[in-house]
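Now for the letters of each chain:
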Amino acid sequence: MMRAFHALPLLAAIALAACEKDPAAEGDLAAGDVDAAIADNGIMPLPGEYSTRESLVELDAPGMTEGSIADMRAAFNEGAEDPHLYCVTEETTREQWLSDMVEADCTLSSFNAEGTELTGVMACSSDESFDGRVEIGGRSAEEGSNLTMTYAFPTAAGEGTVRLQVVAEKTGDSCG
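Residues numbered from 1 in each chain as written. Predicted model: local features only at pLDDT ≥ 70, side-chain atom pairs only at ≥ 80, totals over all residues. Heavy atoms only, no water.

Caption draft 1: Quick look at unusual backbone geometry. The backbone of Glu 103 sits at a positive phi, close to 50 degrees, despite the residue not being glycine. Within the secondary structure, Glu 103 sits in the loop between α3 (94–102) and β4 (105–115). (Helix = DSSP H or I, 4+ residues; strand = E, 2+ residues; numbered from the N terminus.)

This is the structure in structure tokens:
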């Protein structure tokens, strides 16, 4: 069974901060606004169970107090202590792999993978994780990945950014 994504407390706080957002900003996050441009000649992880470690690289939230930002960082760090497990099978697609990694329903709107290098943009939908536009980049290998995920979100005072480093490692050949 999967546990809630480590960024859940951070993303919940962001959602509360965004309550006073400009309704026009909603359109910036719509998945259907970008025609899919997919070029996938990259390496997919081998089937098995994977564990991720996340670290907060950047948190910028215009309009939020330093105290609120410090609380959000602390909540993220506390949640990041627990491992997040997910499964890759022979049938797992690139979208399913990324969705399982962030525990959201994600659709790639642009993606380019060549060998171990990958970049892309996906629109994710979740009540507990990423909900909106997420940029990804990094490396993927047969038994792990090292990705940077950048999530932009509206705040009352402008656009905020959360950037996470997500490192996944294969922990077993079968899923538990």
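Caption draft 2: Structural context of the side chain of Thr 161. As for its position among the elements, Thr 161 is in strand β8 (residues 158–172). What makes Thr 161 buried here is its relative accessible area of 15%. Among residues more than four places away in sequence, those in contact with Thr 161 are Glu 58, Leu 59, Asp 60, Thr 150, Tyr 151 and Phe 153. (Buried < 20%, exposed > 50% of the residue type's maximum accessible area, 1.4 Å probe, protein only. Contact = heavy atoms within 4.5 Å.)

Caption draft 3: Focus on the pattern of salt bridges. Overall, the coordinates contain 6 salt bridges when judged by the stated rule. Measuring nitrogen to oxygen at the nearest pair gives 3.0 Å for the salt bridge that ties Arg 139 to Glu 117. You can see Arg 139 sitting in strand β6 (residues 132–141) and its partner Glu 117 sitting in strand β5 (residues 117–125), a full 22 residues away along the chain. (Salt bridge = Lys/Arg side-chain N within 4 Å of Asp/Glu carboxyl O.)

Caption draft 4: Helix α2 (residues 66–79), seen in detail. Helix length check: α2 (14 residues) gives 20 Å between terminal C-alpha atoms against 20 Å at 1.5 Å per residue, within 8%. Those residues of α2 not exposed but buried are Ile 69, Met 72, Phe 76 and Gly 79. In a view along the axis of α2, the buried residues occupy a sector of 90 degrees, so they form one face of it. Opposite the buried face of α2, at more than 90 degrees from it, the exposed residues are Glu 66, Asp 71 and Glu 78. (Expected span 1.5 Å × (residues − 1). Arc of directions from axis to C-beta.)

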